[in-house]
Amino acid sequence: MASIRQIPSTHLLPDWRNLGTVLRVLLGINAMAMAAALVRAGSLAAWFPGYVEMAAWVEPPLFALLCLLAAGRDLLWRLPGRAAQALVAGAAGLVAGVQYDAWTWLGLAERAPLGAWRAALLGAAATGAMLGYFELRARAFSPAVAEARLAALNARIRPHFLFNSLNTVLSLIRAEPKRAEAALESLADLFRAALRDHRELVSLADEIALGRQYLDLEKLRLGERLRVEWQVDEVPVDTRIPPLMLQPLLENAVYHGIEKEPEGGTVRIGFARRGDELFIEISNPASPAGQGAAGHQMAVANIRERLALYYDLEARLETVQGAANYTVRIALPCRTRKPPSVS
Amino acid sequence: MSNPETALRILIVDDEPPARARLRELLADIEPSLTTVVVGEADNGLAAMERLTEQPVDVVLCDIRMPRMDGVELAGHLGGLENPPALIFTTAYDNYAVQAFDLNAIDYLLKPVRAQRLLAALQKAKAARPILPAETLPAIGRELRGGGRTHLSCHERGRLLLVPVAEVLYFKADLKYVTARTKEREFLLDEALTHLEEEFAERFIRLHRSVLVAKDALAGFERAAGDDAEAYGWALLRGVPDKLPVSRRQWGLAKSFAKGA
């Protein structure tokens, strides 16, 4: 099951394979090392050399530990929280102690009495501090909080769109009842998607189908003014992405890019896969002088926040106001239905 | 069958063809209660103004959000017509504008429109032409579109002309009038320079007590020879040979804009 629940934010331990977690550990431990170096240094000038020397002690066990934790992430999640924390702190102490022994054996440092124990204690203490931080973070982003935020962020189809679409359907009922039926069915699908449980990730194929339905409805309304170009070849359509990512951006493109232009324009949607990342690009005509970029901000900020909730630092969203086009680019990790096997 | 003598003449303005078709259907539905004739359709405010200068109309049914010229701006220009029609807005959902209309007693219909509501609004318009609040419309429009109008009205020999703001090089205030200069000619406007300065602050800057200039029309500057009481210097423009006075106070600011251009 690929869903937001897959990340057990109830657990006291973070996701050790997440880039954000790794970055936070590296920054946190190094900040502690810098503080320790400042305490030890006799003068401010001796601070930096002191830190470099300390880094030589700190980084190797840190990297080794992170590798171990990434490998053992799922095993650790199966343990009760406190036991898992103790195990991680113990592992940190062990790695630090082993490294001390290795350093002295290699002659890189002089052996002090009980030196390995001192290294182990320091390692365990620093790790304990980081674990405490992650525990607090897990509480702050508890599922209840995260789910409430997601619920608030989702389901933002503009009322403007609903009422205009209903009006379009009404205009079709007498002259073209078949098209009116199809339009109502699409509208039902769109609102089903908007109202469903947002914690489950959906397949890219479903999101694309939804986007097409949305744009078909808008085409009924705007006619020739709305032109659409999809570039969907070579897309891993089974990639799982957060629901309703595409539609709000398409809605923005239509609302700010097409409806303002008497002659309309083209909305372009492209997908590409590079390595383990999926890139999505949506562009619409917009002159820099217009209100284009400003108008987009709400939906863009909304999706940026949702990406952060689902992927932490592993997803990016950027917007570009070009000479004639406004473009939204999203990069997110490719997650297929099955978790990728560890090779 | 509609009787041309008593039929209410209607112009439908909406950028969406299905929305226009729907209003025609509804007008046909209420035919037994009220005789109407649709004299035309337009897909934006500017096209509607062209229609209205050619042919008098009793009621304009008008969408709010449209390209080129929106409904609120169209409403502002209607007052300049010889026989201004009644205006009823039709809108899907526009929280801000709808609230503003409620306060100002402007009639509006929410889309999808009910035949009964349409009938009531048309009968009301037929009985007494509602007066559009000329003072509040610009503010509503600015809030709605996040900028000033796209066109300015100009009366000339009994005709109403619309001057595209994008083509105006400068505004100049004389004793009684404000003139707008485009590449081709000048237009006399019934506007106040201070209002124009406020509404189009994005596009125009003040050079002098009596002059606003489009930022992208500025080509260069000349210091005035000797002690000129009227001007500290002169601004040169692209496309026209006119020189505009620049006051001592605005000299630095004006030059900084010309450098950016």
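Residues numbered from 1 in each chain as written. Chains lettered and ligands numbered in written order. Predicted model: local features only at pLDDT ≥ 70, side-chain atom pairs only at ≥ 80, totals over all residues.

**Q** What should I look at first to understand the overall build of chain B in this one?
**A** Scanning chain B from N- to C-terminus turns up eight helices and 15 strands. Counting only C-alpha atoms, chain B reaches 80 × 40 × 30 Å along its principal axes. Considering chain B as a whole, with its 261 residues, one finds that 39% of them fall into the buried category. (Helix = DSSP H or I, 4+ residues; strand = E, 2+ residues; numbered from the N terminus. Buried ≥ 20, exposed ≤ 12 C-beta atoms within 10 Å, placed from the backbone.)

**Q** What is the right way to look at the pairing of strand 4 (residues 86–91) of chain B in this model?
**A** Within a regular strand, the side chains alternate between the two sheet faces. Residue and element names in this part refer to chain B. When you tally the buried positions in strand 4, you get six out of six residues, the bulk of the element. Because side chains alternate across strand 4, one face comprises the buried residues A86, I88 and T90, and the other comprises L87, F89 and T91, equally buried. Read from strand 3 (residues 59–63) through helix 3 (residues 71–78) to strand 4, the crossover connection turns out right-handed. Sheet analysis places strand 4 next to strand 5 (residues 108–110), joined by three bridges and oriented parallel. Bridge pairing in strand 5 links F89 to Y108. (Right-handed = clockwise from strand over helix to strand, strands pointing away. Pairing = 2+ DSSP bridges.)

**Q** Can you help me understand unusual backbone geometry in this one?
**A** For residues besides glycine, phi is generally negative; the peptide bonds are generally trans as well. Residue and element names in this part refer to chain B. In this structure, P112 follows K111 across a cis peptide bond, with omega equal to -5°. Mapped onto the fold, P112 is located in the loop between strand 5 and helix 5 (115–127). Backbone geometry places R68, a non-glycine residue, at a positive phi of 65°. Positive phi, normally seen in glycine, also occurs at R157, with a value near 45°.

**Q** Explain the nonpolar core to me, please; I cannot follow it from the model alone.
**A** By size, the foremost hydrophobic cluster in this structure holds 43 residues, and its most contacted members are B:L11, B:V59, B:V60, B:L61 and B:I88. The dominant element in this core, judged by the number of residues it contributes, is strand 1 (residues 8–13) of chain B, at five residues. Sequence-distant contacts of B:V59, that is, excluding residues within four places in its chain, are made with B:L8, B:I10, B:P85, B:A86, B:I88, B:L122 and B:A125. A:L217, A:M245, A:A315 and A:L317 belong to the second largest nonpolar core, which has 40 residues in total. (Core = buried A, V, L, I, M, F, W, Y, C linked by C-beta atoms within 7 Å. Contact = placed C-beta atoms within 7 Å.)

**Q** It is not clear to me how the sheet that holds strand 10 (residues 186–189) of chain B should be interpreted in this structure. Could you clarify?
**A** Whether parallel or antiparallel, the strands of a sheet pair through hydrogen bonds between backbone atoms. Residues and elements named next belong to chain B. Here we have five strands laid out as an open sheet, ordered 10-9-8-12-11, and antiparallel in their pairing. Strands with a single pairing partner mark the edges of an open sheet, and in this sheet they are strand 10 and strand 11 (204–208). The mean inter-strand angle of the sheet, taken between neighbouring strand axes irrespective of direction, is 25°. Where strand 9 (residues 178–181) meets strand 10, four bridges bridge the pair, whose relative direction is antiparallel. Residue pairing across strands places A180 opposite F187, the latter belonging to strand 10. (Axes fitted to C-alpha atoms, helices over the stretch in contact; angles between N-to-C directions.)

**Q** For this particular structure, what's the right way to read the packing of helix 7 (residues 159–173) of chain A against helix 1 (residues 17–29) of chain B?
**A** Two packed helices can be described by the angle between their axes and the distance between those axes. Their axes nearest at 8 Å, the elements helix 7 of chain A and helix 1 of chain B cross at an angle of 55°. In terms of orientation, helix 7 of chain A and helix 1 of chain B fall into the oblique class. Where helix 7 of chain A crosses over helix 1 of chain B, the two elements pack in a sense that is left-handed. Within the contact between the two elements, helix 7 of chain A uses A:N167, A:T168, A:L170, A:S171 and A:L172 and helix 1 of chain B uses B:P18, B:A19, B:A21, B:R22 and B:E25. Residues that form the contact of helix 7 of chain A with helix 1 of chain B fall into these classes: five nonpolar, three polar and two charged. (Parallel < 35°, antiparallel > 145°, perpendicular 65-115°, else oblique. Left-handed = near helix turned anticlockwise from the far one by under 90°. Nonpolar A, V, L, I, M, F, W, Y, C, P; charged D, E, K, R; others polar.)

**Q** What am I meant to see in helix 5 (residues 115–140) of chain A here?
**A** In an α-helix, one full turn covers 3.6 residues, which means residues spaced three or four apart are oriented alike. All names here are of chain A. For helix 5, built from 26 residues, the straight-helix expectation of 38 Å at 1.5 Å per residue is met to within 8% by its first-to-last C-alpha distance of 38 Å. Buried within helix 5 are the following residues: A116, A119, A120, L122, G123, A124, A126, T127, L131 and F134. The inward-facing, buried residues of helix 5 abut helix 1 (19–40), helix 2 (47–71) and helix 4 (81–106). (Expected span 1.5 Å × (residues − 1).)

**Q** Sorry if this is basic, but what is going on with the sheet that holds strand 14 (residues 233–237) of chain B here?
**A** All names here are of chain B. Reading across from one edge, 13-14-15 is the order of the three strands in this open sheet, with antiparallel pairing throughout. In the strand order of this sheet, the two ends are held by strand 13 (218–223) and strand 15 (243–246), each with one partner. Going from strand to strand, the sheet's axes swing by 30° on average, the running direction of each strand aside. For strand 14 and strand 15, the ladder comprises four bridges, and the chain directions are antiparallel. Paired with L236 across the two strands is K243, which belongs to strand 15.

**Q** Help me understand helix 2 (residues 45–54) of chain B, please; the structure alone is not making it clear to me.
**A** Residues and elements named next belong to chain B. Turning to helix 2, its buried residues number three or more, namely G45, L46, A48, M49 and L52. Down the axis of helix 2, the buried set is contained in an arc of 155°. They therefore lie on one face. On its buried face, helix 2 sits against strand 1, strand 2 (36–42), strand 3, helix 3, strand 6 (151–156) and strand 7 (159–164). (Arc of directions from axis to C-beta.)

**Q** I'm lost on the environment of B:V211 in this one. Help?
**A** Residues and elements named next belong to chain B. Tracing the chain through its elements places V211 in strand 12 (residues 211–214). The class for V211 is buried, based on 21 C-beta atoms found within 10 Å. It is 42 Å that separates the C-alpha atoms of V211 and L109, two residues lying 102 residues apart in sequence. When residues no more than four places from it in sequence are discounted, the contact partners of V211 are Y170, K172, L244 and P245.

**Q** Help me out: how do you make sense of the packing of helix 7 of chain A against helix 9 (residues 204–222) of chain A in this one?
**A** Residue and element names in this part refer to chain A. In contact at an axis separation of 10 Å, helix 7 and helix 9 are set at 65° when each is read in the N-to-C sense. Here the hand of the crossing between helix 7 and helix 9 comes out left-handed. Together, N164, S165 and T168 of helix 7 and L217, L220 and R221 of helix 9 make up the contact between the two elements. For the contact of helix 7 with helix 9, a count of residues per class yields two nonpolar, three polar and one charged.

**Q** I tried to follow the confidence of the model for chain B on my own but got confused; where do I start?
**A** If pLDDT is low for a region, its predicted coordinates should not be looked at in detail. In this model, chain B carries an average pLDDT of 87, and 94% of its residues clear a pLDDT of 70 or more. For this predicted complex, the interface confidence score (ipTM) comes to 0.79, while the overall pTM stands at 0.72. (pLDDT = per-residue confidence, 0-100.)

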